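# Architecture and fold: a report
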Amino acid sequence: MAYGEALTLWLLAMAVLGMTIAGLGMYALICNRAPGRLLGKTVRNPRLWGTGMLVIVSSLAFVSWTPLIVGLVITVLSHAIRPTG
């Protein structure tokens, strides 16, 4: 496999992964439910989880580690913080 083919395959995989994560984040943000059984049981604050997922996807657009780390922190906090109100 040539370098260009591998790069194209890698970019395609990253695009599919990014769209999937963005879709899951938007679903959690809009519906206030975490997708799937496992996430539904473990995520206490689905909207915060969805926000974290969207920040993680934005790290692909900004090509920076900072949004990735911030998004991971937000996603981990969504498993621990209960929603108020």
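Just so it is clear, the model here is predicted, and its values are computed rather than measured.

In this structure, the largest pocket encloses a volume near 180 Å³. Considering the residues around the largest pocket, the lining is formed by M14, L17, G18, I21, I56, V57, S59, L60, V63, S64, W65 and L68. Breaking the lining of the largest pocket down by element, the ones donating at least two residues are α1 (3-31), α3 (46-62) and α4 (65-80). Broken down by class, the residue content of the lining of the largest pocket amounts to nine nonpolar, three polar and no charged.

Another point: α3. A rise of 1.5 Å per residue sets the reference length of α3, with its 17 residues, at 24 Å; its end C-alpha atoms lie 24 Å apart and thus fit the reference within 8%. Within α3, burial applies to P46, W49, G50, G52, M53, I56, V57 and S59. When α3 is viewed along its axis, its buried side chains cluster within an angular range of 165° and face the same direction. Those residues of α3 that are exposed and angled more than 90 degrees off the buried face are A61 and F62. Residues of α3 that are buried in the fold lie against α1, α2 (37-42) and α4.

Procedures and definitions
Residues numbered from 1 in each chain as written. Predicted model: local features only at pLDDT ≥ 70, side-chain atom pairs only at ≥ 80, totals over all residues. Heavy atoms only, no water. 1 Å grid on protein atoms, 1.4 Å probe; cavity = no way out; pocket = protein on both sides within 12 Å on 5 of 7 lines; lining within 4 Å. Points joined across faces, edges and corners; volume = space filled by probe spheres on them. Helix = DSSP H or I, 4+ residues; strand = E, 2+ residues; numbered from the N terminus. Nonpolar A, V, L, I, M, F, W, Y, C, P; charged D, E, K, R; others polar. Expected span 1.5 Å × (residues − 1). Buried < 20%, exposed > 50% of the residue type's maximum accessible area, 1.4 Å probe, protein only. Arc of directions from axis to C-beta. Contact = heavy atoms within 4.5 Å.

Nothing here speaks to function; it is geometry throughout.
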